[in-house]
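Summary of the model geometry
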Protein chains: 2
Amino acid sequence: MNKVKLGVLGGGQLGKMLIQSAMNFDMEVHMLDPDAEAPCKPYAHQFVQGDLKDYDTVVNFGAACDLITIEIENVNTEALKALEKQGKRVFPQPHIIELIQNKVAQKKFYKANGIPTSDFIEVSGRSDVAAKAHFPMVNKLARDGYDGRGVQVLRSAFDIEKAFDAPGLLENFVDFDKEIAVIVARNEQGQVTTFPVTELVFHPEANLVEYLFAPAHITDHQAKEAESIACALIEKLGMVGLLAVEMFLTKEGTILVNEIAPRTHNSGHHTIEGNITSQFEQHLRAICQMPLGSTATRSMAAMVNLLGEEGYTGTPILAGIEEIMAMEGVFVHLYGKKVTKPFRKMGHVTVIGDTFASLRDKVERVKSTLKVIA
Amino acid sequence: MNKVKLGVLGGGQLGKMLIQSAMNFDMEVHMLDPDAEAPCKPYAHQFVQGDLKDYDTVVNFGAACDLITIEIENVNTEALKALEKQGKRVFPQPHIIELIQNKVAQKKFYKANGIPTSDFIEVSGRSDVAAKAHFPMVNKLARDGYDGRGVQVLRSAFDIEKAFDAPGLLENFVDFDKEIAVIVARNEQGQVTTFPVTELVFHPEANLVEYLFAPAHITDHQAKEAESIACALIEKLGMVGLLAVEMFLTKEGTILVNEIAPRTHNSGHHTIEGNITSQFEQHLRAICQMPLGSTATRSMAAMVNLLGEEGYTGTPILAGIEEIMAMEGVFVHLYGKKVTKPFRKMGHVTVIGDTFASLRDKVERVKSTLKVIA
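Note that the structure is predicted; figures quoted are calculated from it, not measured. (Residues numbered from 1 in each chain as written. Chains lettered and ligands numbered in written order. Predicted model: local features only at pLDDT ≥ 70, side-chain atom pairs only at ≥ 80, totals over all residues. Heavy atoms only, no water.)

1. Regarding the relation of the copies chain A and chain B
Note that the two copies of the chain are related through a rotation about an axis and a translation along the same axis. The condition is simple: Superposing copies: least-squares fit, C-alpha atoms only, residues required to have pLDDT of at least 70 in both. Note on contacts: a residue pair is in contact if any heavy atoms of the two residues lie within 4.5 Å.
Structural alignment of chain A on chain B gives an RMSD of 0.0 Å, achieved by rotating through 180 degrees and translating 0.0 Å along the axis. With respect to symmetry, the two chain copies, as superposed, fit the operation of a two-fold axis. Identified as the residue of chain A closest to the rotation axis by C-alpha distance is Y43 of chain A, at 2.3 Å. Mapped onto chain B, 100% of the interface residues of chain A are again interface residues, and the two copies thus contact each other with one and the same surface.

Quick look at the structure:
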């Protein structure tokens, strides 16, 4: 494992935290990212600036590596298939990344494999939405959605004019009680582990996870069901690596898969401090043919995304950091992005605690104290 | 704190783990090390190959930094003083590094400041040892001792011929019950925190820490005494940064300071997983004028040094790593040294557990399973 040359498509914060884990195993890590100032640049053994969607760029980048993985799914999968044909190990497998890149294909996969998900209609564009929609519905772009972009709720016929005029889908609006997520890993030997269920709280305007708690406040039965859905998904996909499964817990108590991401994920950042093995180490274990690590909870944890404050764009300044660092059980992770913008993910803060009340107090204090301004 | 340019003298494993912490705060880290293949090289923002004892090299290296620290004490302190005069912040302060570089000066400092330590005699060389020794005694070189080198026990007059023929000291041999260590930190504001006492078990041949447990199996009264000695030491020194204090617990139950190191230390590696704040983050907090972090224990922990196996020199191969990584609560840290040699520190493994018996079982299994060969 420490002899492998790992190539990662994407060099943002997920890649940076992956390097922090890879350092423990003395792995050589190469990174490809379009941004010359990407967070990973100072820490990668090799950093290549280039377009993740360009066939030649990805093939050339992979040539220097033995094992290739991703930290973002919007990459050239044809290039990854070509690298696979050259004998490189590529995880997650390119055809799975391809499937997940397309939200219509994702939904069809769920339906074909008995994975519970909300009903949907495929649409070709805005006029098709107008013809097929009943309300409320969720309109999603088939491709290129990310961090809340490419998803919107259509509440009535008045919203048709803002519907995406591109191929996508209309989903039944799920009147959910909670959004939850399970991170599941599978290695080449077929070993599968899930992390305990996390509970996500979204920012009402930015449609980004604002904070989450783990383990989720759901029944044991619901937790087991969510975990078994995640296991079924990764096994049906036959995927090697880490898969983040975002789910709705409906008001009727049923669980529906919303979306999946075949990589380390924002909903697993708390595992760095909260669990015995972090999601980053687990991904490395999975793709390096190593035994998967224990996912047991060490402490209840909450994670607050540190989003760029509205009204500020430019070189980031951290207001309130000293007060936050004086708090017990508070872990600051700054991503090293050179420019802050409203709602940009600039870092995260994980808090641990013995009681849910103490977690919640810390979350509130972090949210009201720590601001990324410019 | 995330705007500072930190220069570190030394780029070995301590520096590498410091970078892992500094990444969380997006600090720019420059490293100076004589070895072109030093463990830090791939991860430092700037890596400079050069002699830590050369005045010009250190002054030139420091010019690009705002704040300078060390990961090894054998550095040119005159250069650090010159950097201080230029207005750079240097922690630990150069005069303290200078004091600690000389074991005779260290002992005199303890005696002058009421810090309990074994009695000693200053010696100028071998003939002076012959004239002054009673037996058993410990003969230490004043300068350049490291990792057990520069220290030896003289058991009888027959041992005089192997005494160091250089300035040093003779210490009364302490018939100790245990060796323990306390890591203490102090920031510029004068805030002081200690980590819980660790208990060290030495390898009989290599005179290196083979494994340690924390918290130590000593009485609360003894733990408080050890911690208060460490606090007194850092306060009397007026030092800013992290200080490792190695102590003897004698068979009579008294505590004597053995040696100190003004930096992160092997006896604190378990704090990465075992404590809320790691020694590496605590050092960064101390020298960056930040509040010190909580040192509370998260789990009982033990740390096993992964030493190069006897009989093997060359490119390291890790035998038994898969079996170790399948164990629950076992954390592997490989340092990335290109060549293994007998007893060279190639990495460490921290284990956590709920009971002392489970820790001990894991330690034994790690020791008997994981081998660095070539």
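2. Topic: helix α1 (residues 13–24) of chain B
Residue and element names in this part refer to chain B. Heads up, the rule is: Secondary structure is summarised from DSSP: a helix means a run of H or I of at least four residues, a strand means a run of E of at least two, and numbering begins at the N terminus for each. Multiplying one less than the number of residues by 1.5 Å gives the expected span of a helix. Burial classes follow relative accessibility: with a 1.4 Å probe on protein chains only, a residue under 20% of its type's maximum area counts as buried, one over 50% as exposed, and anything between as partly exposed.
With twelve residues, α1 extends 18 Å from end C-alpha to end C-alpha; this agrees with the ideal 16 Å at 1.5 Å per step. The element α1 is largely enclosed, with a buried count of twelve among its twelve residues. Listed as buried for α1 are Q13, L14, G15, K16, M17, L18, I19, Q20, S21, A22, M23 and N24.

3. What about the sheet that holds strand β4 (residues 67–70) of chain B?
Strands pair in a sheet through their backbones, by hydrogen bonds, and they do so in one of two ways: parallel or antiparallel. All names here are of chain B. We count it as follows: In short, DSSP must find at least two bridges between two strands for them to pair. Structural elements are reduced to axes, namely lines fitted to C-alpha atoms, with helices fitted over the stretch in contact, and the angle between N-to-C directions of any two is expressed from 0 to 180 degrees.
Strand order across the open sheet formed by five strands is β3-β2-β1-β4-β5, with parallel pairing between neighbours. Strands with a single pairing partner mark the edges of an open sheet, and in this sheet they are β3 (46–49) and β5 (89–90). In the sheet, β4 pairs with β5 via two bridges, with the strands oriented parallel. Bridging from a neighbouring strand, I68 pairs with V90 of β5. Along the sheet, α1 contacts β1 (5–9) and β2 (28–33); its crossing angle with β2, the most-contacted strand, is approximately 175 degrees. The sheet strands contacting helix α2 (residues 55–63) are β1, β2, β3 and β4, and the helix crosses β2 at an angle near 170 degrees.

4. Topic: the sheet that holds strand β2 (residues 28–33) of chain A
Residues and elements named next belong to chain A. Ordered by their spatial adjacency, five strands build an open sheet running β3-β2-β1-β4-β5, and the pairing between neighbours is parallel. For this open sheet the edge positions go to β3 (46–49) and β5 (89–90), each flanked by a neighbour on one side alone. Sheet strands in contact with helix α2 (residues 55–63) are β1 (5–9), β2, β3 and β4 (67–70), and its direction is about 170 degrees off that of β2. Helix α9 (residues 279–287) contacts β1, β4 and β5 of the sheet and is inclined by roughly 140 degrees relative to β4.

5. Quick look at the packing of helix α3 (residues 77–85) of chain A against helix α4 (residues 94–101) of chain A
All names here are of chain A. Our working definition: By definition in this entry, angles of less than 35 degrees are roughly parallel, angles greater than 145 are roughly antiparallel, angles of 65 to 115 are roughly perpendicular, and the rest are oblique. The residue classification treats Ala, Val, Leu, Ile, Met, Phe, Trp, Tyr, Cys and Pro as nonpolar and Asp, Glu, Lys and Arg as charged. All others, Gly included, are polar.
For the pair α3 and α4, the least separation of the axes is 9 Å and the interaxial angle reads 170 degrees. It follows from the interaxial angle that α3 and α4 lie roughly antiparallel. Contacts from T77, E78, L80, K81 and E84 in α3 reach P94, H95, I97, E98 and Q101 in α4. Among the residues forming the contact of α3 with α4, the class breakdown is three nonpolar, three polar and four charged.

6. Quick notes on the side chain of N275 of chain B
Residues and elements named next belong to chain B. Note the following rule: For the purposes of these results, a polar contact is taken to be a pair of N or O atoms within 3.5 Å, where, inside protein, one atom must be able to donate a hydrogen and its partner to accept one; residues adjacent in sequence count only when each atom of the pair is a side-chain atom.
Structurally, N275 can be placed in the loop between α8 (271–274) and α9 (279–287). Only 2.9 Å separates the side chain of N275 from the backbone oxygen of T295, close enough to count as a polar contact. The contact partners of N275, leaving out residues within four places of it in the chain, are F195, P196, H270, T295, A296, T297 and R298.

7. Concerning the confidence of the model for chain A
What counts is decided by this rule: Every residue carries a pLDDT, the predictor's confidence in it, which falls somewhere between 0 and 100.
Summary statistics for chain A give a mean pLDDT of 95 and a share of 97% for residues scoring 70 or more. In the predicted assembly, ipTM is 0.95 and pTM is 0.96.

8. Topic: unusual backbone geometry
In this model, F135 of chain A is joined to P136 of chain A through a cis peptide bond whose omega is -5 degrees. In this structure, P136 of chain A sits in the loop between α6 (126–132) and β7 (137–141). With an omega dihedral of -10 degrees, the bond running from A214 of chain A to P215 of chain A counts as a cis peptide bond. Residue position: P215 of chain A is located in the loop between β13 (209–214) and α7 (220–237). For D26 of chain B, which is not glycine, the phi dihedral falls at a positive 55 degrees. Within the chain, Q289 of chain B stands out as a residue other than glycine whose phi angle is a positive 60 degrees. In this fold, Q289 of chain B is placed in the loop between α9 and β16 (300–307).

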